[in-house]
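Coordinates in review
Spelled out from the first residue to the last, the chains are:
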2 protein chains.
Amino acid sequence: MRIAELSQKAGVPVPTIKYYLREGLLPAGELTSPNQARYDDRHVQRLRLVRVLLDVGRLPIATIRDLLTKLDEPDPDVHEVLGRALPATTGVRESSDPAVLVAAHERVNTLIAQRGWLLSGDAGTRQAVAEVIAAFQQVGTDAEGLLEHYADAAERIAVHDLGFVARASDNEGKVHAAVVGAVLGNSLLAALRRMAQEHESAKMFGIRDDTCQAAGPD
Amino acid sequence: MRIAELSQKAGVPVPTIKYYLREGLLPAGELTSPNQARYDDRHVQRLRLVRVLLDVGRLPIATIRDLLTKLDEPDPDVHEVLGRALPATTGVRESSDPAVLVAAHERVNTLIAQRGWLLSGDAGTRQAVAEVIAAFQQVGTDAEGLLEHYADAAERIAVHDLGFVARASDNEGKVHAAVVGAVLGNSLLAALRRMAQEHESAKMFGIRDDTCQAAGPD
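Residues numbered from 1 in each chain as written. Chains lettered and ligands numbered in written order. Predicted model: local features only at pLDDT ≥ 70, side-chain atom pairs only at ≥ 80, totals over all residues.

1. Considering the overall build of chain A
Across its full length, chain A holds nine helices and two strands. In chain A, the succession of α and β elements from N to C terminus is α-α-β-β-α-α-α-α-α-α-α. Taken over the C-alpha trace, chain A has a radius of gyration of 23 Å; the compact-globule value for 218 residues is 17 Å, which it surpasses by more than 25%. Overall, chain A is about 90 × 50 × 40 Å in size when its C-alpha atoms are taken along their principal axes. Sorting the 218 residues of chain A into buried and exposed places 46% on the buried side. In chain A, the share of contacts with a sequence separation of at least 24, taken over all contacts with a separation of at least 6, comes to 64%. (Helix = DSSP H or I, 4+ residues; strand = E, 2+ residues; numbered from the N terminus. Rg over C-alpha atoms; globule rule 2.2 N^0.38 Å. Buried ≥ 20, exposed ≤ 12 C-beta atoms within 10 Å, placed from the backbone. Contact = placed C-beta atoms within 7 Å.)

2. Focus: unusual backbone geometry
Residues and elements named next belong to chain A. You will see that R58, though not glycine, has its phi angle at about 50°, which is positive. Of note, R58 is situated in the loop between α3 (41–56) and α4 (61–71). Note on R58: 14 C-beta atoms within 10 Å, which makes it partly exposed.

3. With respect to the environment of B:Q45
Inspection of the secondary structure assignment puts B:Q45 in helix α3 (residues 41–56). Since 15 C-beta atoms lie within 10 Å of it, B:Q45 is described here as partly exposed. Beyond its immediate sequence surroundings of up to four residues, B:Q45 is in contact with A:V139 and A:G140.

4. Notes on the interface of chain A and chain B
Counting from both sides, the interface comprises 79 residues of chain A and, opposite them, 79 residues of chain B. For the side of chain A that touches chain B, the secondary structure elements donating two or more residues are α3, α5 (78–85), α7 (124–138), α8 (144–166) and α9 (171–205) of chain A. At 24 residues, α9(A) tops the list of elements feeding residues into the side of chain A that touches chain B. For the side of chain A that touches chain B, the residue count by class is 42 nonpolar, 22 polar and 15 charged. (Nonpolar A, V, L, I, M, F, W, Y, C, P; charged D, E, K, R; others polar.)

5. Thoughts on the pairing of strand β1 (residues 30–33) of chain B
All names here are of chain B. Note that β1 and strand β2 (residues 36–38) share three bridges and pair antiparallel. When the bridges of β2 are listed, S33 appears paired with Q36. Between β1 and β2, which follow one another and run antiparallel, lie two residues. (Pairing = 2+ DSSP bridges.)

6. Describing helix α1 (residues 3–10) of chain A
Residue and element names in this part refer to chain A. Restricting attention to buried positions, one finds in α1 the residues L6, S7 and A10. Summarising the axial view, the buried residues of α1 lie within an arc of 100°, below the 170-degree limit, and thus occupy one face. Away from its buried face, by an angle of more than 90 degrees, α1 presents the exposed residues A4 and E5. Residues of α1 that are buried in the fold lie against α2 (14–23) and α3. (Arc of directions from axis to C-beta.)

7. Some thoughts on the packing of α1(A) against α3(A)
All names here are of chain A. Axis separation between α1 and α3 bottoms out at 9 Å; the angle between their running directions is 50°. With respect to α3, the axis of α1 lies oblique. The handedness of the crossing between α1 and α3 comes out as right-handed. Between α1, through L6, K9 and A10, and α3, the contact on the second element is made entirely by H43, V44, L47 and R48. A class-by-class count of the residues in the contact of α1 with α3 yields four nonpolar, one polar and two charged. (Axes fitted to C-alpha atoms, helices over the stretch in contact; angles between N-to-C directions. Parallel < 35°, antiparallel > 145°, perpendicular 65-115°, else oblique. Left-handed = near helix turned anticlockwise from the far one by under 90°.)

8. Some remarks on the packing of helix α8 (residues 144–166) of chain B against helix α9 (residues 171–205) of chain B
All names here are of chain B. Put simply, α8 and α9 touch, their axes get as near as 8 Å, and they point 145° apart. In this structure, the crossing between α8 and α9 has a hand that is right-handed. In contact with D161, F164, V165 and A166 of α8, α9 contributes K174, A177, A178, G181 and G185. Looking at the contact of α8 with α9, its residues break down into five nonpolar, two polar and two charged.

9. Focus on the confidence of the model for chain A
Atom-level detail of predicted coordinates should not be read off regions where pLDDT is low. Residue and element names in this part refer to chain A. Of the residues in chain A, 94% reach a pLDDT of 70 or more, and the chain-wide mean stands at 88. Per-element mean pLDDT across chain A ranges from 85 in α5 up to 96 in α2. Interface predicted TM-score (ipTM) for the complex: 0.88; the corresponding pTM is 0.88. (pLDDT = per-residue confidence, 0-100.)

10. Some thoughts on the relation of the copies chain A and chain B
Put simply, the second copy of the chain is the first one after a rotation about an axis and a shift along it. For these two chains of identical sequence, chain A goes onto chain B by a turn of 180° and a shift of 0.0 Å along the axis, with RMSD 0.0 Å. In symmetry terms, the pair is related by a two-fold rotation axis. Measuring from the rotation axis to each C-alpha of chain A, the shortest distance belongs to A:A153, at 3.0 Å. Here 100% of the interface residues in chain A have copies in chain B that are interface residues too; the copies meet face to matching face. (Least-squares fit on C-alpha atoms with pLDDT ≥ 70 in both.)

Put into structure tokens, the structure is as follows:
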């Protein structure tokens, strides 16, 4: 297909596709003339994946290029992707108060030690968790009451995530599942959490009745 | 304090503060002359909250204004915030294939019915979950293997979230905890999930050894 049809199928404007081609996020099409290239369904799939990593995962271009390069290796290393290449993006900017951030880092180290989590020396995810804990503090709230419960939930979820990855038949499929699951999994979990919160809130706070109960018979 | 000091304390540039003032995200300071206003620590706290809702929660300005208005009510309705005002933002754009989205909506309705979740007629969170399920499909993956496990996790997390909200002493504190917890809670959960994935991956895929085991004694 021509670039116009690729654009229509993937729902991505032509100038954006050209930008992705220049940035190496999309492999070049097969040249049919010096100025025209032909694309196929793999380009449609790749474009959709790039959009998810950009729009939903908010990953930097360089990280996406790195992940896609690994995905295109003949026999990619699944742990390399799940262990290191996939970042934990939180949207939190570095806390403005260094003391708060230092305390948060100590809290994270305690958590990791107590749970016996096997983590690489890479500080990426530690930094991410510490930044969120510090952000709670910065807005006058304390994450402490949530931290252990969330870590319990994260452990259970990760077991299912790895099951989801392991079900793919080859390493290429496993890496694809790991990348998609990491990014879209956060959105799925967040949306379901909001739903479940509404349900719990309806049970706990739902009926707001300041009037008196109807009097029973005397 | 003057606006320059407010800017420094909250880590937000002066032109951005002026924009928030115009948009009603920050209450006006106390006028000390026709061109100067005085701000206090409540403005610092509010600015930090606005940054979290914008940068981390990626909430639209109008939604943030609505949430802050509720927060400033004398006795805010907690369920109004947890039940309706807080959106489920996923970053997913509407799927390009309507048939995929329709099927995803049906899956969401089945999930809600089976779990007996009490939800308002408002379609916001249903739409959010359906969009993510459709997005999995669009990139050639199926969320089905994760959905029930994530819903289980979401239920457990929501119970702790409501506990976190209920611990605040008054309704203003409860609404504040609900807003902060909804947005930063997603980031905390996402970052912990990445950590736990690395741990699980290290156990499952960590040792990549294509060489033979050392031979034992004959």
